[in-house]
Amino acid sequence: GDPVAMALMNATTFMSGGGLGSSSSSGGGVDMLWSTFVSTRSDFLLYCYTFPILVIGYTVGCAPYVLLDILRPAWAAKFRLQGSVYNPKPTIWTCYKGVQALMWSVIGPLQVFSYPFFYLANISAKDPLPPLWLALVQIATWFIIEDYGNYFIHRWLHSGWAYRKIHYMHHEYDTPMAPAASWAHPVEILVLGIPTFVGPAVTGCHMITCWAWFTIRQLEAVETHSGYDLPFPLCWTKLIPFYGGAKYHDYHHRIGGECCGNYASVFTWCDWAYGTDKGYRVSESLKKKTS
């Protein structure tokens, strides 16, 4: 058929609610491309693509902030949360290499061995592609689930034993930087990974939605640890309602230690509801009075 007509048909289907998948019976479009892609690959192989997606997503997400830290352009200085305080360039590189070592030694093997879990949770890449609206609703729901679970685990990690034995590693860098988002003790990686997996396990989903979720969550964590409070559109997370962001989490790292606040990973409501943002709110109030 006419390729232009085919493209218009697929675009119309997408905009009218077809989303990632296509309800068109024309046999063309994204659905056909995806079906062709998965038809020659096993479920396990498709599942294993999750790891390179994580590695690439982390590296690409860190790159713009690392460039800002290295080049230090004048226009970005006013968005720098700790002013002229930067991590030395060798420290940034050491952190990135350390995270890569953790990814290959901890996250990679964990991903391979967790395949049965995904299978039982009915997360498959060979199902028809989901509508865009469904993928967005699922990811929004998972953000809420993950944030609530992460809050309590993170709060526990700041208790005496857990902080001294596990969480201390993530706080080795008082001055945040993007690569440090994933710099953590292997036990912390495993424990904090649970809330991230709970959402997809509860709702079930297409593997491509899972990939999108992991990528978006990782990019958000990188931004939170970047050390820059960039405005929209330079920072897409500003569109997230009740979002904490880099400024919110920078306070957490500056205070650090076994007792602090701002534990939530994404939103601000858990810290507000449980009274663990009082120090941050007082700090912000004092800044406004003295500015």
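What comes next is a walk through the structure. All values derive from a computational prediction rather than experimental measurement.

**Thoughts on the layout of surface pockets**
Logical step 1: Put simply, the largest pocket is a space of about 340 Å³.
Logical step 2: In terms of lining, the largest pocket is formed by 17 residues, of which the most central are Leu 136, Ile 139, Ala 140, Phe 143 and Ile 216.
Logical step 3: Of all elements in the fold, only helix H7 (132-157) and helix H10 (207-224) reach the threshold of two or more residues within the lining of the largest pocket.
Logical step 4: A total of 7 residues in the lining of the largest pocket trace back to one element, the largest contributor, which is H7.

**So, the packing of aromatic side chains**
Logical step 1: On inspection of all chains with the given rule, the structure shows 28 aromatic pairs.
Logical step 2: Pairing Tyr 58 with Tyr 96 gives two aromatic rings, centres 5.8 Å apart and planes at 5°, and the pair type is stacked. One end of the pair, Tyr 58, is in helix H4 (residues 50-71); the other, Tyr 96, is in helix H5 (residues 89-113), and 38 residues separate them in sequence.
Logical step 3: The class for Tyr 58 is buried, based on a relative accessible area of 0%.
Logical step 4: A ring pair is formed by Trp 142 and Trp 213, whose centres lie 6.0 Å apart and whose planes are at 65°; its orientation type is edge-to-face. Placement of Trp 142 in helix H7 and of Trp 213 in helix H10 is noted, with a sequence separation of 71 residues between them. Residue Trp 142 shares its accessibility class with Trp 213, and that shared class is buried.

**So, the pattern of salt bridges**
Proximity of charged atoms lets side chains of opposite charge pair with each other.
Logical step 1: Applying the stated criterion to the full structure yields 8 salt bridges.
Logical step 2: The closest approach of N and O atoms between Arg 217 and Glu 220, which form a salt bridge, is 2.5 Å. Of this pair, Arg 217 and Glu 220 both sit in helix H10, 3 residues apart, roughly one helical turn.
Logical step 3: The class of Arg 217 is buried, set by a relative accessible area of 11%.
Logical step 4: Two residues, Glu 284 and Lys 287, come together in a salt bridge whose shortest N-O distance is 3.5 Å. With a gap of 3 residues between them, Glu 284 and Lys 287 both fall in helix H13 (residues 278-290), about one helical turn apart.
Logical step 5: Residue classification places Glu 284 among the buried residues on the basis of a relative accessible area of 12%.

**Structural notes on H4**
Logical step 1: Over its 22 residues, H4 runs 32 Å from end to end, which matches the ideal 32 Å to within 8%, given 1.5 Å per residue.
Logical step 2: Maximal helix bending in H4 amounts to about 35°, located at Ala 63; proline Pro 64 follows within four positions.
Logical step 3: Within the sequence span of H4, burial applies to Thr 50, Phe 51, Leu 54, Val 55, Gly 57, Tyr 58, Gly 61, Cys 62, Tyr 65, Val 66, Leu 68 and Asp 69.
Logical step 4: Check the buried side of H4 and you find it contacts helix H3 (43-48), H5 and H10.
Logical step 5: Looking one or two places after H4, you find Arg 72, whose phi comes out positive at around 50°.

What counts and how
- Counting restarts for each chain: residues are numbered from 1 in the order of the written sequence.
- Per-residue local features of the predicted model are confined to residues with pLDDT of at least 70, and side-chain atom pairs are confined, for both listing and counting, to 80 or more; whole-chain, interface and lining totals are unaffected and use all residues.
- Note that the side-chain values use all heavy atoms of the structure and ignore hydrogens as well as water.
- We place a 1 Å grid over just the protein atoms. Points where a 1.4 Å probe fits but has no way out form a cavity, open points with protein on both sides within 12 Å along at least 5 of 7 lines form a pocket, and any residue with an atom within 4 Å of a point lines it.
- Grid points are joined across faces, edges and corners, and a volume is the space filled by probe spheres set on the points.
- The secondary structure listing takes helices from DSSP runs of H or I that are at least 4 residues long and strands from runs of E that are at least 2 residues long, numbered from the N terminus.
- Only rings of Phe, Tyr and Trp enter the pairing, Trp through its six-membered ring, and a pair is recorded when the two centres are within 6.5 Å. The plane angle decides the type: under 30 degrees is stacked, over 60 is edge-to-face, the rest tilted.
- The cut-offs for exposure are 20% and 50% of the maximum accessible area for each residue type, with area from a 1.4 Å probe on protein chains only; residues under the lower value are buried, those over the upper are exposed, and the others partly exposed.
- Put simply, a salt bridge is a Lys or Arg side-chain nitrogen that is within 4 Å of an Asp or Glu carboxyl oxygen.
- One fewer than the residue count of a helix, multiplied by 1.5 Å, yields its expected span.
- Two axes define the bend at a residue: one fitted to the seven residues ending there, one fitted to the seven starting there, and the bend is the angle between them.
- When checking whether two residues touch, look at their non-hydrogen atoms; a contact exists if any pair is within 4.5 Å.

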